[in-house]
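Here's the letter readout for the chains.
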Amino acid sequence: MATYLDYLISPKPIRIVDLKLERSKLRIQNLTVLQYGHLPGRTLKHREAPCGHWAFTYIVKGKGSFRVHGEAEQRIDAGCLFWEWPGAEFTFGPDGKDGWDEYYITFEGGRIREWLDAQIIVPGMVMRVGSDRSFIRKIETIGDLVDSGIPDNADRAALMLESLIYEFSVTDANRRSAHFSGKQPEFIIQVLEDIAGSLYEPWDERQLWVRNHISRSTLRRLVLQNTGYPLNEYVNRLKISEARKLLRLTGLQIKEISQMLGYPDPAYFSRLFKKYTGVSAMTYRSKMKQG
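Calculation criteria
- Residues numbered from 1 in each chain as written.
- Predicted model: local features only at pLDDT ≥ 70, side-chain atom pairs only at ≥ 80, totals over all residues.
- Heavy atoms only, no water.
- Helix = DSSP H or I, 4+ residues; strand = E, 2+ residues; numbered from the N terminus.
- Rg over C-alpha atoms; globule rule 2.2 N^0.38 Å.
- Buried < 20%, exposed > 50% of the residue type's maximum accessible area, 1.4 Å probe, protein only.
- Areas by Shrake-Rupley, 256 points an atom, 1.4 Å probe, with all protein chains shown as cover.
- Lys, Arg positive; Asp, Glu negative; His and termini not counted.
- Charge placed at Lys NZ, Arg CZ, Asp CG, Glu CD.
- Expected span 1.5 Å × (residues − 1).
- Arc of directions from axis to C-beta.
- Polar contact = N/O pair within 3.5 Å; in protein donor to acceptor, adjacent residues only side chain to side chain.
- Axes fitted to C-alpha atoms, helices over the stretch in contact; angles between N-to-C directions.
- Parallel < 35°, antiparallel > 145°, perpendicular 65-115°, else oblique.
- Contact = heavy atoms within 4.5 Å.
- Nonpolar A, V, L, I, M, F, W, Y, C, P; charged D, E, K, R; others polar.
- Pairing = 2+ DSSP bridges.
- Phe/Tyr/Trp six-rings, centres within 6.5 Å; stacked < 30°, edge-to-face > 60°.
- Core = buried A, V, L, I, M, F, W, Y, C linked by side-chain atoms within 4.5 Å.

Asker: I'm lost on the overall build of the chain in this one. Help?
Answerer: In terms of helices and strands, the chain carries 10 helices and 11 strands. Scaling as 2.2 N^0.38, a compact globule of 291 residues should have a C-alpha radius of gyration of about 19 Å, whereas the chain reaches 24 Å, well beyond that. Referenced to the eigenvectors of the C-alpha coordinate spread, the extents of the chain come out at roughly 80 × 45 × 35 Å. Out of the 291 residues belonging to the chain, those deemed buried represent 45%. By element, 51% of the accessible surface of the chain is carried by carbon and sulfur atoms, the whole surface being about 14900 Å². Separation between the mean location of the 41 positive side-chain charges and that of the 35 negative ones in the chain comes to 7 Å.

The following block contains the structure:
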């Protein structure tokens, strides 16, 4: 596998390998490795640039940051992995002049949709899989297979990529579970406070789990175990409780309160209000005034 120098990227030799075959020659059509890269000592920062394909970047040395356009910055260090995907802009790179060492693989195919549905990939969430030589060996083997220019090897690279991404997901989930079990009370409070602080926004479950660096299933499990309510019901109960306060303390119209709490459909808000309080919002306000 050839190396070359590009001082705009790194002062060290880098390796980048592109797929050398037409996809029609491959037997596995639902997943294709398009490019492999190893950038030791990378100093170049990637600033608010889009990505044309799915990719992961695995950091094996150094530290820095990662941000999807419009979302909060996340810190990165050795053993972290992050995703890029079409339609979003990304800013990431190392701190200082020492740079970081990264491996990346770019890929495409219908298989990705299944990974997303199964939360094997969670866009925007940094995975913490640790610095593991076995991961590096597999990534480098994928690069070698793609570099060979042999169709069967390109298919082998796709199968190895799927196995690798699954291992990333399992390793990250196990590390997070161990972390949460040691700091469970503080972490649960953090998550519940985050939910309570988002009442005046349209409900976005994905933003919540990404901000707290957990999976959707972990978020739902934590809320159910610690509140007794499924996540969506818990959020709705909090919002209706806030609506009761606004009805008591302000002169805002019911439609205005509905919109403030992230319910663009006032009729839906009214049904929820009656479901959780037993009376309509108008009746509730009237009773409060009489009291």
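Once the structure has been displayed, the description carries forward.
Asker: Would you take a moment to explain helix H9 (residues 266-277) for this structure?
Answerer: Owing to its 3.6 residues per turn, the α-helix brings residues three or four apart onto one side. With 12 residues, H9 should reach 16 Å at 1.5 Å per residue; the first-to-last C-alpha distance of 16 Å fits that figure. The set of residues buried in H9 consists of Phe269, Leu272, Phe273 and Tyr276. For H9, the buried positions fall inside an angular range of 105 degrees around the axis, keeping them on one side. Along H9, exposed side chains directed more than 90 degrees from the buried face belong to Arg271 and Lys275. If you check the start of H9, you find a side-chain oxygen 3.0 Å away from the backbone N of alanine 267, and it comes from aspartate 265.

Asker: What exactly am I supposed to notice about the packing of helix H6 (residues 216-227) against helix H7 (residues 231-249) here?
Answerer: Helix-helix packing: each pair is described by the crossing angle between the helix axes and the interaxial distance. Contact pair H6 / H7: the axes reach a minimum separation of 9 Å and the direction vectors enclose 60 degrees. Taken as axis vectors, H6 and H7 run oblique relative to one another. Residues Leu219, Arg220, Val223 and Thr227 of H6 form the contact with H7, whose participating residues are Leu231, Asn232 and Tyr234. Taken together, the residues of the contact of H6 with H7 sort by class into 4 nonpolar, 2 polar and 1 charged.

Asker: Help me understand the pairing of strand S7 (residues 74-77) in this model?
Answerer: Across a regular strand the side chains alternate sides, sitting on one face of the sheet and then on the other. Taking every second residue as pointing to the same face, the buried face of S7 carries Gln74 and Ile76, while none of Arg75 and Asp77 on the other face is buried. Direction of pairing for strand S6 (residues 63-68) relative to S7: antiparallel, over a ladder of 4 bridges. By the bridge assignment for S7, phenylalanine 66 is matched with glutamine 74. Where S6 hands over to S7, the hairpin turn is made up of 5 residues, of which glycine 70 adopts a positive phi near 90 degrees.

Asker: Explain the packing of aromatic side chains here, please?
Answerer: Throughout the structure, instances matching the rule amount to 17 aromatic pairs. Taking 5.9 Å as the distance between ring centres and 45 degrees as the angle between the ring planes, the aromatic pair formed by tyrosine 58 and phenylalanine 168 counts as tilted. Placement of tyrosine 58 in strand S5 (residues 54-61) and of phenylalanine 168 in helix H3 (residues 151-182) is noted, with a sequence separation of 110 residues between them. For the pair tyrosine 58 and phenylalanine 168, a shared accessibility class is recorded, and that class is buried. A network of ring pairs unites the aromatic residues Trp54, Phe66, Phe82, Trp85, Phe90, Phe92 and Trp100 as a single cluster.

Asker: Even after reading the chapter, I still don't get H7, so can you show me in this structure?
Answerer: Its 19 residues place the ends of H7 27 Å apart at the C-alpha level, agreeing with the 27 Å of an ideal helix rising 1.5 Å per residue. Regarding H7, the residues found buried are Leu231, Tyr234, Val235, Asn236, Lys239, Ile240, Glu242, Ala243, Leu246 and Leu247.

Asker: It is not clear to me how the nonpolar core should be interpreted in this structure. Could you clarify?
Answerer: Generally speaking, a soluble globular protein has its nonpolar side chains buried in company with each other. Within the largest apolar cluster, 48 residues are counted, with the highest numbers of intra-cluster contacts made by Phe56, Trp83, Ile105, Phe107, Ile139, Leu161 and Phe168. Of the residues forming this core, the biggest block, 7 residues, is contributed by H3. Setting aside chain neighbours within four positions, we find isoleucine 105 in contact with Val33, Gln35, Tyr36, Trp54, Ala55, Phe56, Ile139, Ile142 and Leu161. Core analysis: the next-biggest nonpolar cluster, separate from the first, contains 17 residues, Leu208, Trp209, Tyr234 and Val235 among them.

Everything listed here is a matter of coordinates, which is why it stays silent on function.
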